Amino acid sequence: DLAYRGTRVINTSESQADQEYKDMIIACGSKDIVHTPAVSGVPASFMRPSMEKAGYDMDKLMNPGEVDYGTKLKPIADEAKAWKTVWSAGQGCAGIQDVVTAAELVARISKEFHAALNEQAALLKKW
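Residues numbered from 1 in each chain as written. Predicted model: local features only at pLDDT ≥ 70, side-chain atom pairs only at ≥ 80, totals over all residues. Heavy atoms only, no water.

K.L.:
Give a description of the pattern of salt bridges that names residues and reports values.
P.N.:
Tallying each qualifying case throughout the model produces five salt bridges. Its salt-bridge partner being Lys 53, residue Glu 20 comes within 2.6 Å of it at the nearest N-O pair. Here the residue Glu 20 occupies a position in helix α3 (residues 19-27), and Lys 53 occupies one in helix α4 (residues 48-53), the gap between them amounting to 33 residues. (Salt bridge = Lys/Arg side-chain N within 4 Å of Asp/Glu carboxyl O. Helix = DSSP H or I, 4+ residues; strand = E, 2+ residues; numbered from the N terminus.)

K.L.:
So what's going on with the packing of aromatic side chains? Residues and values would help.
P.N.:
Summed over the entire model, instances satisfying the criterion amount to one aromatic pair. With centroids separated by 4.9 Å and ring planes inclined at 10°, the aromatic side chains of Tyr 21 and Trp 87 adopt a geometry described as stacked. Of the two residues, Tyr 21 sits in helix α3 while Trp 87 sits in the loop between α6 (79-85) and α7 (102-126), which places them 66 residues apart along the sequence. For the pair formed by Tyr 21 and Trp 87, the shared burial category is buried. (Phe/Tyr/Trp six-rings, centres within 6.5 Å; stacked < 30°, edge-to-face > 60°. Buried < 20%, exposed > 50% of the residue type's maximum accessible area, 1.4 Å probe, protein only.)

K.L.:
Provide a residue-level description of α3, including the pertinent values.
P.N.:
What α3 keeps buried is the set Tyr 21, Lys 22, Met 24 and Ile 25. Summarising the axial view, the buried residues of α3 lie within an arc of 160°, below the 170-degree limit, and thus occupy one face. Considering only its buried residues, α3 is in contact with α2 (7-10), β2 (44-47) and α4. (Arc of directions from axis to C-beta. Contact = heavy atoms within 4.5 Å.)

K.L.:
Could you give an account of the nonpolar core, with specific residues and numbers?
P.N.:
In this structure, Ile 10, Tyr 21, Met 24, Ile 25, Cys 28, Ile 33, Met 47, Trp 87, Ala 89, Cys 93 and Ile 96 together form the largest nonpolar core, which totals 11 residues. For this core, the element with the highest residue contribution is α3, accounting for three residues. Non-local contacts of Ile 10, meaning those with residues more than four positions away in its chain, are made with Ser 15, Ala 17, Tyr 21, Lys 22, Ile 25 and Ser 88. Grouped together as the second largest cluster of nonpolar side chains are nine residues, Val 34, Ala 38, Phe 46 and Val 86 included. (Core = buried A, V, L, I, M, F, W, Y, C linked by side-chain atoms within 4.5 Å.)

See below:
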C-alpha cells in the first residue's frame, strides 16, 4: 500500500533518494509537475526543475502539438543518465513539506484517516 503513496514515501528518512531530490519535492508544487513521454517514451510525471537541469527543451514539451513523441527528445545514450537526474514526482508533492521516518509517516496517515472517519460520522449524525 505504501507504493501507492509514491512521492510521499520518497521523502522518508529511510528512502535512499538523493537529498537534492527530497528537497526538490518540498520546493515543488503541482504546477511544477510535467506529464510527458519525453524521458523514456512512456508517459510519466516528472519535476520540471529536474528536467530543465538535465537539458530538456521545456518549450517543446509545453507545446505538445509541435513535439513528435515518436522520436526521442534526448539521445538514447543519455537515457540512463536521465533517470538519475530527471526525478519523478506526482502532484501530491504540493502537500509535502518535510522528511520524516516511515514510522512517523504511517502514524500521521493513520491519525488523518481516523480523523476523517470521525468527521464523516459526525456529518452522518447531523444529516
